[in-house]
Amino acid sequence: MTTALATPIKPRNPVLVWLVWPLLTLGIYFLVWYYKIHKEMAELRRDPEAPVAGPLLVMILLSWTGIAALISFWRTGTRISQSQQAAGLEPTCNPLFGFLLNFVFGLGILYYQLELNKIADGPAAA
C-alpha cells in the first residue's frame, strides 16, 4: 500500500517522548508532542473535523480540573486506534490501557507513542 509509506505519522523514540524530553524541557515537550500527534492523526485520516488544537488547549487551560485532562487523554487513545484502522492496520491501541498506564509513572505516553510507531512503520511491520 502506498498510503502506508506516505503516512504523516512520524516515528519517535518512545523513551525520549515519555521521559527524556519532558524532563529536559520541564514538561513543555509533552504539550508539543500532544499537538503534533493530533495534527498527524488528523492528516492521516483526512478529517477536517478532527481536533488538533482542542486537545492541547484542554491540557493547557483545563488540566487543573483533572477530569478534563483525563478525558482528553482517553480520547487520544481512541483517536490512535481509529488512525491505526485508517492506516490499514488492526487497531491495537486500547484507550483504557493507556489511561490506566498514565497513573503508573506516566507510562500512558510511552504506550501511545509505541502504538503510533506501529502506524509510522506501516502494515509490513505489524
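Check the entry above for the structure.
Residues numbered from 1 in each chain as written. Predicted model: local features only at pLDDT ≥ 70, side-chain atom pairs only at ≥ 80, totals over all residues. Heavy atoms only, no water.

J.: I'm lost on the pattern of salt bridges in this one. Help?
T.: When the charged atoms of two side chains lie near each other, side chains of opposite charge can form a pair. Taken as a whole and assessed by the stated rule, the structure comprises 4 salt bridges. The closest approach of N and O atoms between glutamate 43 and lysine 39, which form a salt bridge, is 3.7 Å. Placement of both glutamate 43 and lysine 39 in helix H3 (residues 28–45) is noted, with a separation of 4 residues, approximately one turn of the helix. Among the residues examined, glutamate 43 registers a relative accessible area of 39% and is labelled partly exposed. The partner of lysine 118 in a salt bridge is glutamate 115, with the nearest N and O atoms 3.1 Å apart. Residue lysine 118 and its partner glutamate 115 are located together in helix H7 (residues 107–121), separated by 3 residues, close to a single helical turn. (Salt bridge = Lys/Arg side-chain N within 4 Å of Asp/Glu carboxyl O. Helix = DSSP H or I, 4+ residues; strand = E, 2+ residues; numbered from the N terminus. Buried < 20%, exposed > 50% of the residue type's maximum accessible area, 1.4 Å probe, protein only.)

J.: Looking at this structure, I do not really get unusual backbone geometry. What am I missing?
T.: Most of the time, phi is negative for any residue but glycine, and the peptide bond is trans. Located in the positive-phi region is arginine 46, a residue other than glycine, with phi close to 50 degrees. Among the structural elements, arginine 46 can be located in the loop between H3 and helix H4 (53–61). Residue phenylalanine 105 is not a glycine yet carries a positive backbone phi of 55 degrees.

J.: Sorry if this is basic, but what is going on with the environment of valine 17 here?
T.: Counting through the fold element by element, valine 17 comes out in helix H2 (residues 14–24). Valine 17 has contacts with Arg12, Pro22, Tyr29, Trp33, Ile109 and Gln113, leaving out every residue within four places of it along the chain. (Contact = heavy atoms within 4.5 Å.)

J.: Any chance you could explain the nonpolar core here in plain terms?
T.: Ile9, Trp33, Tyr112, Leu116 and Ile119 are the most contacted members of the largest nonpolar core, which totals 23 residues. Every element with two or more residues in this core is listed here: H3, helix H5 (67–86) and H7. If one sorts the elements of this core by residue count, H3 sits on top with 7 residues. Discounting chain neighbours no more than four positions away, the residues touching isoleucine 119 are Thr7, Ile9, Leu44, Ile80, Ser83, Gln84, Ala87 and Leu89. (Core = buried A, V, L, I, M, F, W, Y, C linked by side-chain atoms within 4.5 Å.)

J.: Explain the side chain of threonine 76 here, please?
T.: Structurally, threonine 76 is set in helix H5. At 3.2 Å, the side chain of threonine 76 and the side chain of histidine 38 are in polar contact. Apart from the residues within four sequence positions on either side, threonine 76 is in contact with Tyr34, Ile37, His38, Met41 and Tyr112. (Polar contact = N/O pair within 3.5 Å; in protein donor to acceptor, adjacent residues only side chain to side chain.)

J.: Sorry if this is basic, but what is going on with the packing of aromatic side chains here?
T.: One pass over the structure, following the stated rule, counts 8 aromatic pairs. With a centroid separation of 5.5 Å and an interplanar angle of 70 degrees, the aromatic rings of tryptophan 74 and phenylalanine 99 are classed as edge-to-face. In this pair, tryptophan 74 is assigned in helix H5 and phenylalanine 99 in helix H6 (residues 95–101), connecting sequence segments 25 residues apart. Classification of phenylalanine 99 as buried rests on a relative accessible area of 17%. Through a chain of ring-to-ring contacts, the aromatic side chains of Phe73, Phe97, Tyr111 and Tyr112 assemble into a single cluster. (Phe/Tyr/Trp six-rings, centres within 6.5 Å; stacked < 30°, edge-to-face > 60°.)

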